[in-house]
Amino acid sequence: MSEHQVTHSRKEQIDAMHDGVIVAVRGSIVDIRFTNQLPDIHTIIYANDGKITLEVVSQLSAEKVRTIALTPTQGLARGMIVKSSQGPLKVPVGPSILTRMFNVFGEAIDGKPFTDDAELRSVHQSPPPLVSISSQLQIFETGIKIVDVLCPLERGGKAGLFGGAGVGKTVLLTEMIHNMVSHQQGVSIFCGIGERCREGEELYREMKQAGVLDNMVMLFGQMNEPPGSRFRIGHSALTMAEYFRDDEKKDVLLLIDNIFRFIQAGSEVSGLMGQMPSRMGYQPTLGTELSSLEERIANTQSGAITSIQAVYVPADDFTDPAAVHTFSHLSATLVLSRKRASEGFYPAVDPLQSSSKLATPNVVGDRHYQVAQQVRHILAQYNELKDIIAMLGLEQLSKKDRNVVARARRLERFFTQPFFTTEQFTGMQGKFVSIEQALEGCERILSGEFDEYPESALYMIGDINDAISGQKVPKKAEDEAHHAG
C-alpha cells in the first residue's frame, strides 16, 4: 500500500470518529446526532461534501446538538452524514488581507485568487483585559464641521450614526473612510452586515477610485445570506481588526453598516431556536450578544480600534430596544434627522439631539467647549422661536430675537458640507475642514460678521472664507427677496 493511500485511509478513520447524522432540518436550524464525541459549542460542522457550513449553538442531550447554518441549507435531508471540524470558525489575518473583500468564512469574494498561507484565527476572542485598556481621551478628527465642533469622536471609542431609512448614514460613513485613509496613516476595515450587495460593489469601486483601497479590508454578510452568516460577520471583522491593533500596533478604523442588522440576525436565530422573545419581539439575549461584539472594540496601550457604526432606528423610534442597547456602548451619538435631510441640510446631523462625552473643557479645551455651547444655545433658541414665526411672522420678534434667528440660520447652512464621496452626484468638489477652521467659522458667525451676507453664501461651503469669495448682497435686498418668496 502506498504512503498516499495510508494517509488517506487514516484521514477517513479520523473523519469517521467525528461523523454525525442529521436528524432534523428546520430552515436554518439543523439538529445532528453524534454517537462518539459530542462537538463543543461554536464548533464548525460541514455537510453535503463541505458545501454547507453549520455552527453548533447548543447541546440538546448527550448525543444531540443544534446548529445554525452559515450557508443556505438547500439539499440537506435527514439521515445525511456530516463531518465535525473540531474547531471554531477561523478567518485569515495578516498584511495579505489588505485591499481584499471577504465573506464570513474569510474567503475572497472580489473575483481575484487568494491562495496566501495567512495565519488563521478563531473569530471568538475575548475582549482585551481591563489593565491593558488605555484611559487617555483623544479626539479623532473627521474633517466634517458639524461632527468635529458639536460631537467630537473619540480615538479608540465607538460612535453611532442613528437614523431611519434614507437619511444618509452610509454616505457619512464612506466620507469618514475617505478622510481617515487620506489624512491618517491607519487601516480601515469595513463590515457590511445585512446590507445590499449593490452598496458593497459601489463602495469597492469608490474606494478604488479614491486610491485608498491599499489600506482597507472589506467584509460582507449580505441581506440575501442566512441569519447565521449575518450574525457572525461582525466577529470575523473584529478578529482582523484586532490583528492590526495588537500585532502590528496600528490604529484601525472599523466601520459597521449596519449594527441593527446584527441585532436583527440574532433575533432571527433566537426565533428559529425556539426561544421565547422578550420586549417588542427581540431575543432575550440581546444585551449579551451586543456586548460580546462591542466590548472587543477598545483602545489599548499598543493601538486603537475606533469604531463608527450606522444604526438603523426602526420607524424613527429611539425607545426601540435595539437603539437603547446600542446607545449604552457609545461615546458619541450622531442623530440624523429626516427633517434636516428634507430641507437639504447635508450631512443631516441633528445638532441638538447629537452628543459626545468628549465635549467637555478638559478634553477639547475651553475655546472649543464655549463655541459648541454657544452654537447649541442659539440653535435651541431658534427652535423655540419657530412656532412664533409660523403664527405671527418674523416681524413680530424683537430685534434681539431677529438676530438670533439670522445667526442660527447662517450656522445651519455653514454646517452643510460638500463630500468627496458625492462629487459625482453633486458636481461640487469635496472639502476637508480642520477643527481650527470650523471653530473660527462658528466664532465669526456668532460675532455677527456675516449678518450682512445672504444665507445662501454659507450653504455647502468648506472653510468660512469660501463665503467671502462668494458675492456679497446687501441685507435689505435679501430681506425683500425673502418676503417675496
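Structure: above.
All residue numbers here refer to positions counted from 1 along the written sequence of the relevant chain. It should be noted that, the model being predicted, local features are given only for residues of pLDDT at least 70 and side-chain atom pairs only at 80 or more, the latter also being counted only at that level, while totals for whole chains, interfaces and linings use all residues. Here the side-chain values reflect all heavy atoms present in the structure, with hydrogen atoms and water set aside.

Now for the pattern of salt bridges. What makes a salt bridge here is a side-chain nitrogen of Lys or Arg within 4 Å of a carboxyl oxygen of Asp or Glu, nothing more. Applying the stated criterion to the full structure yields 32 salt bridges. Of the charged contacts, one joins Glu455 and Arg409 as a salt bridge, the two residues approaching to 2.7 Å between their closest N and O atoms. Of this pair, Glu455 sits in the loop between helix H14 (435-446) and helix H15 (465-469) while Arg409 sits in helix H12 (residues 399-414), and the two are 46 residues apart along the sequence. Here Arg413 makes a salt bridge to Glu412, at a shortest N to O gap of 3.9 Å. Both residues of the pair, Arg413 and Glu412, belong to the buried class. Ionic contacts of the salt-bridge type, sharing partners, join the residues Arg340, Arg409, Arg410, Glu412, Arg413 and Glu455 into one network. Helix numbers and strand numbers start at the N terminus; a helix is a DSSP run of H or I with at least 4 residues, a strand a run of E with at least 2. The buried label applies to any residue whose accessible area, calculated with a 1.4 Å probe on protein chains only, is under 20% of its type's maximum; exposed applies above 50%, and partly exposed to all values in between.

The step from Tyr346 to Pro347 runs through a cis peptide bond, and the omega angle for that step is 0 degrees. Here Pro347 shows up in the loop between helix H9 (338-342) and strand E18 (355-356). A positive phi angle, close to 60 degrees, is found at Asp49, a residue other than glycine. For Asp49, a relative accessible area of 76% gives the class exposed. One non-glycine residue with positive phi stands out, namely Ala315, at about 55 degrees. Mapped onto the elements, Ala315 comes out in the loop between strand E16 (305-312) and helix H8 (321-327).

For sheets, the rule is that strands pair by backbone hydrogen bonds, running either parallel or antiparallel. With mixed pairing, 8 strands are arranged side by side in an open sheet as E8-E14-E13-E15-E16-E12-E17-E18. Here the strands that pair on one side only, and so sit at the sheet edges, are strand E8 (101-102) and E18. By definition in these notes, contact holds between two residues if any of their heavy atoms fall within 4.5 Å. Here an angle of 0 to 180 degrees is reported between the N-to-C directions of two axes, which are lines fitted to C-alpha atoms, with helices fitted over the stretch in contact. Across the sheet, helix H5 (residues 227-246) lies against E8, strand E13 (187-193), strand E14 (216-221), strand E15 (252-257) and E16, angled at about 175 degrees from E13, the strand it touches most. What makes two strands pair is DSSP finding at least two bridges between them.

Put simply, side chains in a regular strand alternate between the two faces of the sheet. Relative to strand E4 (residues 52-59), strand E3 (residues 44-47) is paired through 4 bridges, and the arrangement is antiparallel. Bridged to Ala47 within E4 is Ile52. Two successive antiparallel strands, E3 and E4, enclose a turn made up of 4 residues, where Asn48 displays a positive phi of approximately 55 degrees. In terms of strand pairing, E3 meets strand E6 (residues 81-84) through 3 bridges, oriented antiparallel.

Another aspect to go through is the nonpolar core. General note: in soluble globular proteins, nonpolar side chains tend to be found buried as a group. Buried Ala, Val, Leu, Ile, Met, Phe, Trp, Tyr and Cys residues that are joined via side-chain atoms within 4.5 Å together make up what is termed a nonpolar core. By size, the foremost hydrophobic cluster in this structure holds 64 residues, and its most contacted members are Leu172, Phe190, Met218, Ile308 and Val375. In terms of residue count, the dominant contributor to this core is helix H11 (residues 366-392) (7 residues). Setting aside residues up to four positions removed in sequence, Met218 forms contacts with Arg100, Met101, Phe102, Phe190, Leu203, Tyr204, Met207 and Leu213. Membership of the second largest hydrophobic core comes to 46 residues, among which are Leu89, Ile193, Leu238 and Ile259.

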